[in-house]
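# Structural characterization, general
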Amino acid sequence: MSAERATRSEARLASGREHVVATVDEIPPGERKIVPIGRYGVGVYNVDGRFYAIANYCPHEGGPLCLGRTHGQSVIDDSEPGGIAEARPGEFIYCPWHQWGFELATGTTAVKPEWSIRTYPVRIDGNDVIVTA
């Protein structure tokens, strides 16, 4: 194994345990932090004070899911211009490659429900954001 590859693998956090990944202040509402857990990393999101963690991997073509944008879910609303409104703002992540959307809380997608993404438990202890992965 090359020295560069060994360094990258050593920088990864071990799987199957709790990890303090940030302080609450490091991930303000509407922001995310990608942490080196597992093969692809994990995106940790703050949605109006609720924290979620999801694998940084899109099952469609292996894209870096957590580099995409967060947004809500588009819903029909005849009172809005164009007849569409945003529901649940910031609760979905959209892959930057092909815009497949995944719910941060559950990892599910409407595009192909059998291709859900792994999510991880997140808890706050004092000011620490802790992910179990």
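Above this text is the structure in question.
Scope of this entry: the structure provided in the associated data block. Every chain is numbered independently, its residues counted from 1 as its sequence is written. pLDDT decides what is reported in this predicted model: residues at 70 or higher carry local features, side-chain atom pairs at 80 or more are listed and counted, and totals for whole chains, interfaces and linings draw on all residues regardless. Only heavy atoms go into the side-chain values, all of them from the structure, while hydrogens and water stay out.

### Let's talk about the sheet that holds strand β1 (residues 18-23)
Two strands in a sheet stick together by hydrogen bonds in their backbones, pointing the same way (parallel) or opposite ways (antiparallel). Filter applied, for reference: Note: two strands are recorded as paired if DSSP finds a minimum of 2 bridges between them. Helix and strand assignments come from DSSP, with helices taken as H or I runs of at least 4 residues and strands as E runs of at least 2, each series counted from the N terminus. For helices, the fitted line uses only the C-alpha atoms of the stretch in contact; every axis is such a line through C-alpha atoms, and the angle between N-to-C directions lies from 0 to 180 degrees.
In space, the three strands of this open sheet follow the order β1-β10-β9, with antiparallel pairing throughout. Sheet topology places β1 and β9 (122-125) at the edges, where each strand pairs with a single neighbour. Strand-to-strand twist of the sheet, defined as the mean angle between neighbouring strand axes without regard to direction, takes the value 30°.

### What to know about the packing of aromatic side chains
Spelled out, the test is: What counts as a ring pair is set by centres within 6.5 Å for rings of Phe, Tyr and Trp (its six-membered ring), and what kind of pair is set by the plane angle: stacked under 30 degrees, edge-to-face over 60, tilted for all other angles. Between buried and exposed lies partly exposed: a residue is buried under 20% and exposed over 50% of the maximum accessible area for its type, with that area taken using a 1.4 Å probe on protein chains only.
All told, the structure shown has two aromatic pairs when counted by the stated rule. Arranged with centres 4.5 Å apart and planes meeting at 35°, the rings of Y40 and Y57 form a pair that is tilted. Residue Y40 is found in the loop between β2 (32-35) and β3 (42-47), and its partner Y57 is found in the loop between β4 (50-55) and β5 (69-76); the two are separated by 17 residues along the sequence. Overall, the relative accessible area of 29% leaves Y57 in the partly exposed class. A ring pair is formed by W100 and W115, whose centres lie 5.6 Å apart and whose planes are at 35°; its orientation type is tilted. With W100 in the loop between β6 (84-94) and β7 (101-103) and W115 in the loop between β7 and β8 (119-120), this pair connects stretches of sequence that are 15 residues apart.

Geometry only, nothing functional implied.
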